[in-house]
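Fold and geometry: a report
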Amino acid sequence: MHFLEGLAPELVVFVLAGLVCIVGALGVVLNANPVHAALSLVATLFGVAVLFLAQEANFLAAVQIIVYAGAIVVLFLFVLMLLGIDRAEDLSVDALGGGQRLAACILGVGILALPLLAFASTGGEATGARPPATAANAITKTTPDIAQLGESLFTTYLFAFEVTSVLLVIAVVGAVVLARKVKRADYVEDPLTSPPSEVPT
Amino acid sequence: MLASLWQQLSDSPVPIDSVDLAWAGLAPVMILIGGALLILAVDSLVPRRLRPGSYALATVLLAAGAMVAAVPLWQRVQDAERGPFATAAGAIMVDGFSVFATFVILSAVILAALSFDGWLRREEMDGAEPYVLMLLSASGGVMMASANDLIVMFLGLEILSIAVYVLAAMHLRKITSQEAGVKYFVLGAFSSAFFLYGIALIYGGTGSTNLVRIATYLSATVLGDSGLVLAGLALLLVGFGFKVAAAPFHFWAPDVYQGAPTPSVAWMASGVKVAGFAGLLRVFYLAFSTYRLDWQPVIFVLAVLTMLVGSVLAVVQTDVKRMLAYSSINHAGFILVAVQAATAAGVQAALFYLAAYTFMVAGSFGVIAVVSRKGDIGTSLDDYRGLSRDRPVVAFAFALLLLAQAGVPLTSGFFAKFYVITAAIEAGSSTLAIIAMITAVISSYVYLRIIVAMYGAGDDVPAPRTIPLPAAAGLALVISLTVTMSVGVFPGTLASLAERATPVLIPESDPGAVDPSGVPPGP
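Residues numbered from 1 in each chain as written. Chains lettered and ligands numbered in written order. Predicted model: local features only at pLDDT ≥ 70, side-chain atom pairs only at ≥ 80, totals over all residues. Heavy atoms only, no water.

Focus: the packing of aromatic side chains
Residue and element names in this part refer to chain B. In the structure shown here, the tally under the stated rule is 23 aromatic pairs over all chains. The interplanar angle of 15 degrees and the centroid separation of 4.5 Å between the aromatic rings of Tyr184 and Trp252 together place this pair among those described as stacked. Of this pair, Tyr184 sits in helix 7 (residues 175-206) while Trp252 sits in helix 10 (residues 252-259); the two residues are 68 residues apart in sequence, bridging distant segments of the chain. Look at Trp252 and you get buried, because its relative accessible area is 2%. (Phe/Tyr/Trp six-rings, centres within 6.5 Å; stacked < 30°, edge-to-face > 60°. Helix = DSSP H or I, 4+ residues; strand = E, 2+ residues; numbered from the N terminus. Buried < 20%, exposed > 50% of the residue type's maximum accessible area, 1.4 Å probe, protein only.)

Okay, structure coming up:
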């Protein structure tokens, strides 16, 4: 690949990984088949993992692959399979019509523009505070990043780390509460809504 | 990559200094979480459902226990020698402000639990889960009120909210309840994302998520350009604005309040709002006080919009739950007026308002829970006609609570509004004070409309019906009414408590505490 000679390897990695990310993200949005969309998400997550690796965030890259590309996407696929993939979503007839598509595009561009503007306004120097060069929490070769992470989790962020478990308890209790089976005949006759029989399952 | 990971794993472990946890400071949160888990465990171990009412009793006892645990904290932070303290490596701040907010949140738990009891039995949904979710939600609220780190603030917000999403969608046999849950969840998740984005930008701009370190950094450094910090602040404000239902982030509130189970709404309107405002004050008033001149105008606009939307749109509603939803938006606007003042008097006014408002609104929704029929229906204004004849005492109590919300003298609502307006004028925001008073007049029409419906006579009064009043709901009504009226006559006690509930920023000074920069001891 002689045409790549002279280019910094970081740039090549960045451009390739970035392309994979963007193509995957577009695939998520543009694919009509939900399974293809979910699989495109893997490409995006993989690209992000490569970007993390390029920043020497090895642990983050591994977690990105294991948790996101592995567990989360598999979960997505699981739900899609449970709901039935034979019914490909026809986006042309659903409620996403009118100005909604345009509004979504404008909002998306706006959200992208916000950090870019904020970044540009600071003259390319995003962080006001720099860790002192001597601090070991800077990216150094001497302290491995897993050790740094572990130390943060059990000191500075100990409380945050522990109370995350409350969220999991709520998720379990909430799932049990909301997943109970209710007979359609038991529905409350609510004058505010259409009769239950007309409600699609 | 794998080789390097393996290398890291096989290296000898780095010793870590353990974090000094002041357990007393965390006691209210621990009691709430531990109690919730205990209720779950006991409920799953006994073969049959426990005696009806035992869940509510356990919840009330737990909340009261957390209050008892908070009393020594209050004494400690008011003690000149010991004073407020940070714990858990600077993640949690125990000061007058956090303890005061904890008391208010726990009162909301007690009132909502009492209201839940009879309601759940009427709907044949009695069980441990709603109480467990509410206790966990309250623990998130207490975390928000005492958070000293934006990450803890975010986790508190999520713990608070996710449990409430479930509480909103809990009535599985009612489609509007499901709708309320989904709406609240989708919009809430959206606002949480904004909040998190804001935290990321602020971390980028200041290099820390710790409120003390952010404040120290911002006061010591003049940022060449504060674009990142301002953008982050704006996004945080979106997150908080959604939680407290401030316009223009209020659109979920009427639909969710109307569809969700009424006792859940009592919790949503009281506890969740208190936690949201406590977090808002902590972040904006404390950590970003150097940016006061930047965020005050924004809060000014939000307050005006919120008060106007809340009062004007309430007038055209015909459903009592929707009316009170808009009126709670109006109340949020009033508290924003106090936040906008950004003075110690403003914080005091906001805390007084939150405390008074909690009892008024929880009591009001308690009445709605009693008056509605099985299926949680019958909340339109017409359903309240003739209430003074069917249930004279309940109607009278409801009328008093509504008058308190309107700010009639001799009720706590009067002094709440009085302190807010005084704080706004002292801070030089007379315009805001005038707008606040005008909207108070507009929204009093709404309250009077409900009272007229209850006491009105004429041909459109429906036939008498029996409205059962569960003992627990009656107790909640008595508590909220007693507090509302006694604070209205003797506001001094609550006002002086609120005055001493000052939020502070101090770096953790516990001996043996770890340096928050996370500098590890050398290998």
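Alright, that's what it looks like, and here's the rest.
Some words on the side chain of Ser208(B)
All names here are of chain B. Summarising the element assignment, Ser208 is placed in the loop between helix 7 and helix 8 (211-220). Within polar-contact distance, the side chain of Ser208 engages the backbone nitrogen of Asn210 at 3.0 Å. Those residues in contact with Ser208, other than ones at most four positions away along the chain, are Ile202, Tyr203, Arg213 and Ile214. (Polar contact = N/O pair within 3.5 Å; in protein donor to acceptor, adjacent residues only side chain to side chain. Contact = heavy atoms within 4.5 Å.)

Here's the deal with the packing of helix 6 (residues 150-168) of chain B against helix 9 (residues 227-243) of chain B
Residues and elements named next belong to chain B. Viewed as axis vectors pointing N to C, helix 6 and helix 9 meet at an angle of 30 degrees, and their least axial separation amounts to 12 Å. The orientation of helix 6 with respect to helix 9, classified from their angle, is roughly parallel. The crossing of helix 6 and helix 9 is left-handed. Across the interface between the two elements, Leu150, Met153, Leu157, Ser161 and Tyr165 from helix 6 touch Leu236, Phe240 and Lys243 from helix 9. (Axes fitted to C-alpha atoms, helices over the stretch in contact; angles between N-to-C directions. Parallel < 35°, antiparallel > 145°, perpendicular 65-115°, else oblique. Left-handed = near helix turned anticlockwise from the far one by under 90°.)

Topic: the confidence of the model for chain B
Close reading of the predicted structure is inappropriate where its pLDDT is low. With 93% of its residues at a pLDDT of 70 or more, chain B has an overall mean of 87. Per-element averaging of pLDDT across chain B places helix 1 (residues 2-10) of chain B at the bottom with 67 and helix 6 of chain B at the top with 94. (pLDDT = per-residue confidence, 0-100.)

Here's the deal with the pattern of salt bridges
All names here are of chain B. Considering all chains together, one arrives at 13 salt bridges over all chains under this definition. For Asp255, the salt bridge is made with Arg322, and the minimal N-O distance between the two is 3.0 Å. One end of the pair, Asp255, is in helix 10; the other, Arg322, is in helix 13 (residues 320-341), and 67 residues separate them in sequence. For Asp255, a relative accessible area of 25% gives the class partly exposed. On the basis of relative accessibility, which here comes to 17%, the residue Arg322 falls in the buried class. (Salt bridge = Lys/Arg side-chain N within 4 Å of Asp/Glu carboxyl O.)

As for a nonpolar patch on the surface
A contiguous nonpolar patch, built from Leu7(A), Leu11(A), Phe14(A), Val15(A), Leu16(A) and Leu19(A) and spanning about 570 Å² of accessible area, is present on the exposed surface. By relative accessible area, which is 44% here, Leu11(A) ends up partly exposed. (Patch = residues over 30% accessible without salt bridge, like charges linked within 9 Å, V, L, I, M, F, W, Y side chains within 5 Å. Areas by Shrake-Rupley, 256 points an atom, 1.4 Å probe, with all protein chains shown as cover.)

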